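Reading the structure
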Amino acid sequence: MINLKKLLIGAGVLASLALQGAGASEVTLRLHQFLPQTSSVPAMAITPWIEKVEKESGGRIKVQHFPLMQAGGTPSQLFDQARDGVVDIIWTALGYTPGRFPRSEVFELPFMANKDAEKSSLAFHEYVTTYAMEEFKDVKLLAAHVNGPGVLHTKTPVRTLDDLKGMRVRGASRIVNITLEQLGAVPVGMPAPAVSEALSKGVITATSLQWEVVPALRIQQMVKNHTITAGDRGLYTGTFAFVMNKGTYEKLPADLKKVIDNNSGANVAALFGKAMNEGDKRGIDAVKKEGNTIITLDAAETAQWQRATSRVRAMWYQEVGKRGINGDKLAAEADALIAKRSK
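This text gives an overview of the structure that appears in the document.

Of the two faces of strand E5 (residues 151–154), the one lined by Val151 and His153 and the one lined by Leu152 and Thr154 are each fully buried. Bridging between E5 and strand E8 (residues 206–209) involves four bridges; their strand directions are antiparallel. If you follow histidine 153 over to E8, its bridge partner there is threonine 207. In this sheet, strand E9 (residues 225–228) lies alongside E5 in antiparallel orientation, the contact comprising three bridges. Bridge assignment links histidine 153 to a residue of E9, and that residue is histidine 226.

Structure, rendered in structure tokens:
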């Protein structure tokens, strides 16, 4: 005769084990980054990425998004937070940790990247996966990308190199600071979230930033002049990485690893680059709506800026050469990839 009590207990144990098994294949990933959630990249790249991953995992992957450094720390600590497992995924500007990504820095050299962020992001991702992966060996690289062309946003108009001399300008990275110095400005390094306060307090009188981040930081309300260069190569660009903690990735079951793999690589780099392009359009619209002045240097003046910054490459070659890196060769490879993607 069947013992009903034992049967019910056994069924309960099996049900409990089944639930535990289901729970073991579900994961919540913490994603941390430094901009407001409404900014272009968080809104048009990170959020769509999250939604796609959650959908393709059948809801078994959940992503908690912490914008504006809400999980603690500073922007310069983001990469280490992913490496050390403080969070699971981060998006950050590589320039926030000067000297840490010397091979990747090549894309930040003046007049290197195409002004189309999607094209240059595809070139940068290919470059990183071919020539700079050792800089990401401690994390799972999801995508590498760049922003749009660097723009000078100034309280007084900058139409010539003379106008820039002695001006205190926020620099986005080590290479950008060197570039500004060669142009005659006084560079002041700081992350993007600190720019608004620095402008309002007079710590700086101008900032280098891509158009994309202007509305989020209300730059168009703090300065009235915006200077861009002629041609299809920008004054500078910034480099970014979207990375995941290695241990978190390795612990995922095979099918969930595949979801992450399917949402990594060139397509994701293009997604971020496209978000940058769309953000640049929004930034330009915000500036125009404010009635500000957009100054486009003519070809002759742009050529002067190119000559003024030509030493930056040579200085960079010398610096990275001391670390056993052939900067000349890497710059040639980067140039070739940008030309290929710019067609």
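Additional details are given in the paragraphs that follow.
Moving on, we come to the pairing of E9. When E9 meets strand E11 (residues 293–296), the two strands line up parallel, connected through four bridges. In the strand pairing of E11, asparagine 225 is matched with threonine 293.

This paragraph deals with unusual backbone geometry. Note: most peptide bonds trans; most residues except glycine with negative phi. Here methionine 69, not a glycine, exhibits a phi torsion of approximately 60°, which is positive. With a phi angle near 55°, phenylalanine 111 is a residue other than glycine that sits in the positive phi range. For phenylalanine 111, the location among the structural elements is in the loop between strand E3 (89–93) and helix H4 (117–131).

What follows concerns the sheet that holds E11. Here we have six strands laid out as an open sheet, ordered E7-E6-E8-E5-E9-E11, and mixed in their pairing. Only two strands of the sheet have a single partner each, and these edge strands are strand E7 (186–189) and E11. When the angles between neighbouring strand axes are averaged without regard to direction, this sheet yields 25°. Bridge count between strand E6 (residues 168–171) and E8: two bridges; the pairing is parallel. Among the inter-strand pairings, arginine 170 is bridged to a residue of E8, identified as threonine 207.

Turning our attention to the sheet that holds strand E10 (residues 239–245). Reading across from one edge, E2-E1-E3-E10-E4 is the order of the five strands in this open sheet, with mixed pairing throughout. The open sheet terminates on both sides in strands that have one partner only, identified here as strand E2 (61–66) and strand E4 (139–146). Across the sheet, the axes of successive neighbouring strands diverge by a mean angle of 20°, strand direction being ignored. Pairing of E3 with E10, which is carried by five bridges, proceeds in the antiparallel orientation. Bridged to isoleucine 89 within E10 is methionine 244. Each of strand E1 (27–32), E2, E3, E4 and E10 is contacted by helix H2 (residues 40–56), which is oriented at about 160° to E2, the strand it contacts most.

What follows deals with the environment of alanine 132. Looking at the element boundaries, alanine 132 is found in the loop between H4 and E4. Those residues in contact with alanine 132, other than ones at most four positions away along the chain, are Arg103, Ser104 and Tyr127.

To continue, consider the packing of H2 against helix H11 (residues 254–262). Helix-helix packing is characterised by the crossing angle of the two axes and by the distance between the axes. One way to put it is that H2 packs onto H11 with a least axis distance of 10 Å and a crossing angle of 150°. Of the possible angle classes, the one that applies to H2 and H11 is roughly antiparallel. Between H2 and H11 the crossing geometry is right-handed. Each of Trp49, Lys52, Val53 and Glu56 in H2 lies in contact with H11, whose residues at this interface are Val259, Ile260 and Asn262.

Turning our attention to the pattern of salt bridges. Any two side chains of opposite charge can pair, so long as their charged atoms come close to each other. Taken as a whole, this structure holds 19 salt bridges when the rule is applied. We note a salt bridge from glutamate 126 to lysine 340, for which the minimum N-O separation is 2.9 Å. Here the residue glutamate 126 occupies a position in helix H4, and lysine 340 occupies one in helix H15 (residues 327–341), the gap between them amounting to 214 residues. Classification of glutamate 126 as partly exposed rests on a relative accessible area of 23%. In this structure, arginine 174 and glutamate 319 form a salt bridge, with 2.4 Å as the shortest nitrogen-oxygen distance. Placement of the pair is arginine 174 in helix H6 (residues 174–182) and glutamate 319 in helix H14 (residues 310–321), with a sequence separation of 145 residues.

Conventions we followed
Residues numbered from 1 in each chain as written. Predicted model: local features only at pLDDT ≥ 70, side-chain atom pairs only at ≥ 80, totals over all residues. Heavy atoms only, no water. Buried < 20%, exposed > 50% of the residue type's maximum accessible area, 1.4 Å probe, protein only. Helix = DSSP H or I, 4+ residues; strand = E, 2+ residues; numbered from the N terminus. Pairing = 2+ DSSP bridges. Axes fitted to C-alpha atoms, helices over the stretch in contact; angles between N-to-C directions. Contact = heavy atoms within 4.5 Å. Parallel < 35°, antiparallel > 145°, perpendicular 65-115°, else oblique. Left-handed = near helix turned anticlockwise from the far one by under 90°. Salt bridge = Lys/Arg side-chain N within 4 Å of Asp/Glu carboxyl O.

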